[in-house]
Amino acid sequence: MSTKVNRRQKIRYRIRKKISGTASAPRLSVFRSNSDIYVQLIDDTNGTTLASASSRDKDIKAQQGTKSEKSVLVGKAVAVKAVALGITKCIFDRSGYLYHGRVKSVADGAREGGLQF
């Protein structure tokens, strides 16, 4: 009785066993709901969120376009915040989602904004 959510959770735990973020190279964690997408830069050694962005931010919500197009904007937004903090390297955490569609769009937007992973 493996539901979609349980399957994603198992994959997520498997990924998290292997990767963790530091202050110099934080983890870029993605959460995708049906309507929105949320991204955080997390320093796992201190357990703090360094920067975050989502498709619910006022400037991104005001934009017209598909969810994938907004995901690119979210990626760019978090990259701009990271560069302002002096962070250029990060570790991408897809959180059990397939690297496809909106998750890929966030990664592409973050790369365009100046993050390396």
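Residues numbered from 1 in each chain as written. Predicted model: local features only at pLDDT ≥ 70, side-chain atom pairs only at ≥ 80, totals over all residues. Heavy atoms only, no water.

Q: Provide a residue-level description of the packing of aromatic side chains, including the pertinent values.
A: For the coordinates displayed, the defined rule picks out 3 aromatic pairs. Aromatic pair Phe-31 and Tyr-38: ring centres 6.0 Å apart, planes at 35°, arrangement tilted. Here the aromatic rings of Phe-92 and Tyr-99 are separated by 6.0 Å at their centres, their planes lie at 85°, and the arrangement is edge-to-face. A relative accessible area of 37% places Tyr-99 in the partly exposed class. Taken together, the ring pairs in this structure connect Phe-92, Tyr-99 and Phe-117 into an aromatic cluster. (Phe/Tyr/Trp six-rings, centres within 6.5 Å; stacked < 30°, edge-to-face > 60°. Buried < 20%, exposed > 50% of the residue type's maximum accessible area, 1.4 Å probe, protein only.)

Q: Describe in detail the layout of surface pockets, supporting the description with residues and values.
A: In this structure, the largest pocket occupies an estimated 330 Å³ of space. Contributing to the lining of the largest pocket are Lys-4, Val-5, Arg-7, Arg-8, Ile-11, Arg-32, Gly-96, Tyr-97 and Leu-98. Take the lining of the largest pocket: its biggest share by element is 5 residues, from helix α1 (residues 4-18). Taken together, the residues of the lining of the largest pocket break down into 4 nonpolar, 1 polar and 4 charged. (1 Å grid on protein atoms, 1.4 Å probe; cavity = no way out; pocket = protein on both sides within 12 Å on 5 of 7 lines; lining within 4 Å. Points joined across faces, edges and corners; volume = space filled by probe spheres on them. Helix = DSSP H or I, 4+ residues; strand = E, 2+ residues; numbered from the N terminus. Nonpolar A, V, L, I, M, F, W, Y, C, P; charged D, E, K, R; others polar.)

Q: Talk me through the sheet that holds strand β2 (residues 37-43); I want residue IDs and the actual numbers.
A: In a beta sheet, neighbouring strands pair by backbone hydrogen bonds and run either parallel or antiparallel. Ordered in space as β3-β2-β1-β4, the 4 strands form an open sheet in which the pairing is mixed. Across the chains shown, the open sheet's two edge strands, defined by having one partner strand only, are β3 (48-54) and β4 (91-93). When strand polarity is set aside, the average angle formed by the axes of neighbouring strands in this sheet is 20°. Two strands pair when backbone bridges link them, and strand β1 (residues 27-32) and β4 are joined in this way by 3 bridges, in the parallel orientation. When the bridges of β4 are listed, Arg-27 appears paired with Ile-91. Relative to the sheet, helix α4 (residues 102-113) contacts β1, β2 and β4, its axis offset from that of β1 by approximately 145°. (Pairing = 2+ DSSP bridges. Axes fitted to C-alpha atoms, helices over the stretch in contact; angles between N-to-C directions. Contact = heavy atoms within 4.5 Å.)

Any functional reading would require information beyond the geometric quantities listed.
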